[in-house]
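# Observations on chain architecture
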Amino acid sequence: MEYVSLGKTNLLVSRTGFGAESLDCKEIESFGEDADEKACAIVHQAYAGGMNFFDTSHSKPVCEKRLGAALHGIRHNVILATKTAGQDLHEIRRDLDESLMSLESDTLDLFQLENPLIVPKKNGMDGIYNELLLLKEKGIVKHIGIATENYDIAKEAIESGLYEVVQFPFSMISPDSVKALVKLCQEKEVGCIASQPLNGGVVNDIPLAFGFLYQFENVVPVWGTHTQEELQQILFFNDHPPVVDKSFKEEVQKVQNFFN
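Note that the structure is predicted; figures quoted are calculated from it, not measured. (Residues numbered from 1 in each chain as written. Predicted model: local features only at pLDDT ≥ 70, side-chain atom pairs only at ≥ 80, totals over all residues. Heavy atoms only, no water.)

What follows concerns the pairing of strand β10 (residues 219-223). Where burial is concerned, most of β10 is hidden: 5 out of the 5 residues are buried. Going residue by residue along β10, you find Val 219, Pro 221 and Trp 223 tucked away on one face and Val 220 and Val 222 tucked away on the opposite face as well. With 2 bridges connecting them, strand β3 (residues 17-19) and β10 associate as parallel partners. Bridge pairing in β10 links Gly 17 to Val 222. (Buried < 20%, exposed > 50% of the residue type's maximum accessible area, 1.4 Å probe, protein only. Helix = DSSP H or I, 4+ residues; strand = E, 2+ residues; numbered from the N terminus. Pairing = 2+ DSSP bridges.)

Before going further, it helps to examine the confidence of the model for the protein. Looking at the protein as a whole, its pLDDT mean stands at 94, while 100% of the residues score no less than 70. Mean pLDDT per element in the protein: helix α10 (residues 246-259) is the minimum at 87, and strand β6 (residues 110-114) is the maximum at 98. (pLDDT = per-residue confidence, 0-100.)

Scanning the model with the defined rule gives 14 salt bridges in all. Ionic pairing is found between Arg 66 and Asp 36, a salt bridge with its closest N-O pair at 2.7 Å. Of this pair, Arg 66 sits in helix α3 (residues 61-70) while Asp 36 is found in helix α2 (residues 35-48), placing the two residues 30 residues apart along the sequence. Lys 136 serves as the salt-bridge partner of Glu 164, at 3.2 Å between the closest nitrogen and oxygen. With a gap of 28 residues between them, Glu 164 in the loop between α6 (151-160) and β8 (165-169) and Lys 136 in helix α5 (residues 128-138) connect regions that are remote in the sequence. Residues joined in a network through salt bridges with shared partners are Glu 21, Asp 55 and Lys 83. (Salt bridge = Lys/Arg side-chain N within 4 Å of Asp/Glu carboxyl O.)

The next subject is the side chain of Asn 52. Positionally, Asn 52 belongs in the loop between α2 and β4 (53-55). For Asn 52, a relative accessible area of 10% gives the class buried. Discounting residues that sit within four places of it in the chain, Asn 52 has contacts with Tyr 3, Leu 12, Val 13, Ser 14, Asn 77, Val 78 and Ile 79. (Contact = heavy atoms within 4.5 Å.)

Of note, Ser 174 is situated in the loop between β8 and α7 (176-188). What makes Ser 174 buried here is its relative accessible area of 10%. Separated by 2.9 Å, the side chain of Ser 174 and the backbone nitrogen of Ser 171 make a polar contact. (Polar contact = N/O pair within 3.5 Å; in protein donor to acceptor, adjacent residues only side chain to side chain.)

In this model, α10 (14 residues) spans 20 Å end to end at C-alpha, consistent with the 20 Å of a helix rising 1.5 Å per residue. Buried positions along α10 lie against α7 and α8 (206-214). One side-chain oxygen at the N-terminal end of α10 lies 3.3 Å from the backbone nitrogen of Ser 247; it belongs to Asp 245. (Expected span 1.5 Å × (residues − 1).)

Sequence separation of Glu 164 and Ala 46 is 118 residues, and the distance between their C-alpha atoms is 25 Å. Once you skip the residues sitting within four places of it in the chain, Glu 164 turns out to touch Thr 9, Lys 136, Lys 142, His 143, Ile 144, Val 190 and Gly 191. A distance of 3.2 Å separates a polar atom in the side chain of Glu 164 from a polar atom in the side chain of Lys 136. Side-chain polar atoms of Glu 164 contact the side chain of His 143, separated by 2.7 Å.

Dropping the structure here:
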């Protein structure tokens with residue numbers, strides 16, 4: 001497994017991240033009473049394969065609890081991130097307290113605002129950014145970021161210099177404007193996390209999807225795998241990255257032309 005610095009943070013994360021928001025997917029839930037155990041097995045498989053970056057969200061409470069249980073005993077060896085969709089101080093504080101309890105952790109390595117309506121500013125009237133700084137000072141949160149599907153919010157967050165990490169959807173069928181965000185992250189030394197590397201399941205060619213994203217050295221995709229078999233594919237291509245040659249690029253172009 002290759003590890004990279006997440007922007008200007010001191011976080012050395014696996015270049016292949018684990019998207020834990022899929023730990024309540026129908027494939028796992030199909031195990032019924034054994035669903036928790038199955039989720040735990042998938043997390044342990046990811047950890048054994050070298051993944052040390054686990055990303056989830058308070059909007060998926062079952063996933064947070066399953067991730068917290070699975071990381072019991074190895075929490076100190078991993079980089080743990082979650083998000084809050086809270087739009088005011090009360091909601092953000094509540095979500096954080098509940099997340100820490102579910103994740104069985106006293107601290108978060110990365111805490112992200114999820115789909116905020118605006119980019120909170122320092123000394124803003126809503127008090128949100130200053131609250132995030134206070135959480136950092138107290139050591140409850142080590143680093144802060146924004147996760148969004150809104151292009152303008154992502155760009156503003158990157159350019160603001162206030163957020164250490166920005167997460168947004170990025171896959172091989174993303175438009176060139178999203179590639180520009182990736183480049184902007186690199187220029188501003190902002191950590192770049194790619195959500196939905198398979199575009200929410202629209203893309204089903206894992207080798208192509210993986211190889212495309214692997215070209216961007218500053219990008220950390222978080223793969224939301226539904227089965228151990230799917231995770232094994234991701235780990236295989238992490239160890240054996242597809243060769244990005246003329247033939248590979250032509251295949252990517254075919255997929256892009258089909259969707260665009």
